[in-house]
Each structure stands twice: as C-alpha cells, then as structure tokens.
Amino acid sequence: MHEPNTDVIQGTLDMLILKAVSLEPMHGFGIARRIEQVSRGVFKVNPGSLLTAFQRLERAGWLDSEWRDTENSRRAKFYTLTRGGRKQLEVETTDWLRRANAVARLLKDEG
C-alpha cells in the first residue's frame, strides 16, 4: 500500500512556523508538534528543516528567541513572533490562500 507523503509542502514551512508562534511563544518541539496536531498528522516537520527555518526567520527579523525552562524543567529556545513577523504571516497567508484557491479552481475545471 502506498504511504502518503507527510512532508510539509515546499514553501509553506515559514508560514506554518509563524502561525504556530503567533498564538504563543513556543519551543521547536512544541512548534513541530502543533503543526502535526493541527494538520491531523498530514504534515510532519523534519527537525533539520525546522532549525534552518528558525535561523532564517530570526535573520529576517520575523522571530525573536530566548532560552527558558520548559514544563519538564529542561532548557529550550522559545520563539516569539515580532511585529514584522506578524506582517509577514499576513502576506504569506494571503498569498497561500490565493494560490490554493487557484489550484482548487483548476481541479474543479471540467473543461
């Protein structure tokens, strides 16, 4: 039987991270878990991809980070959304919805 692809769609990881962090500051494992849970297991995030994305988003000024203790008394880097990150999330969400609607129209086309 064919296993479904659970990779995050190329070009959407930044948007999904920004969305997860827009709700509350989170550490990397929590962000990955939230993406998996909210997508009902459709998307699983590769830890290496996540680390690279965090670095990219921090360099862009869309995320801030600080080391804190987790609920399990472990040290983890928690990420928070910046004002610029909130604006970028709006831009990426609008663009994603436009593209997703275009694909849906193409798939419905009975031409």
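Above this text you will find the structure in question.
Residues numbered from 1 in each chain as written. Predicted model: local features only at pLDDT ≥ 70, side-chain atom pairs only at ≥ 80, totals over all residues. Heavy atoms only, no water.

**Student:** I would appreciate a short explanation of the overall build of the protein in the present structure.
**Tutor:** Looking only at helices and strands, the protein has four helices and three strands in total. Expressed along its principal axes, the backbone C-alpha trace of the protein runs to roughly 55 × 40 × 20 Å. A buried classification covers 32% of the 111 residues belonging to the protein. Once local pairs closer than 6 in sequence are excluded, the contacts in the protein between residues at least 24 apart make up 54%. (Helix = DSSP H or I, 4+ residues; strand = E, 2+ residues; numbered from the N terminus. Buried < 20%, exposed > 50% of the residue type's maximum accessible area, 1.4 Å probe, protein only. Contact = heavy atoms within 4.5 Å.)

**Student:** Would you explain the nonpolar core in this entry?
**Tutor:** Ranked by internal contacts, the top residues of the largest apolar core, which has 21 residues, are I17, I31, L50 and L63. For this core, the secondary-structure elements that each account for two or more residues are helix 1 (13–23), helix 2 (28–38), helix 3 (47–59) and strand 3 (75–81). (Core = buried A, V, L, I, M, F, W, Y, C linked by side-chain atoms within 4.5 Å.)

**Student:** Looking at this structure, how should I read the side chain of D14?
**Tutor:** With respect to the element layout, D14 can be found in helix 1. Overall, D14 belongs to the buried group, its relative accessible area being 14%. Only 2.6 Å separates the side chain of D14 from the side chain of R56, close enough to count as a polar contact. Setting aside residues up to four positions removed in sequence, D14 forms contacts with A53, R56, L57 and E92. (Polar contact = N/O pair within 3.5 Å; in protein donor to acceptor, adjacent residues only side chain to side chain.)

**Student:** Even after reading the chapter, I still don't get helix 1, so can you show me in this structure?
**Tutor:** In an α-helix there are 3.6 residues to a turn, and that puts residues three or four apart on one side. Summarising burial for helix 1: eight of the 11 residues are buried, a large majority. Buried positions along helix 1 lie against strand 1 (26–27), helix 2, helix 3, strand 2 (63–69), strand 3 and helix 4 (83–108).

**Student:** Help me understand a nonpolar patch on the surface, please; the structure alone is not making it clear to me.
**Tutor:** A cluster of nonpolar side chains, I9, W96 and L97, forms an exposed patch at the surface whose accessible area comes to about 260 Å². Mapped onto the elements, I9 comes out in the segment before helix 1. (Patch = residues over 30% accessible without salt bridge, like charges linked within 9 Å, V, L, I, M, F, W, Y side chains within 5 Å. Areas by Shrake-Rupley, 256 points an atom, 1.4 Å probe, with all protein chains shown as cover. Salt bridge = Lys/Arg side-chain N within 4 Å of Asp/Glu carboxyl O.)

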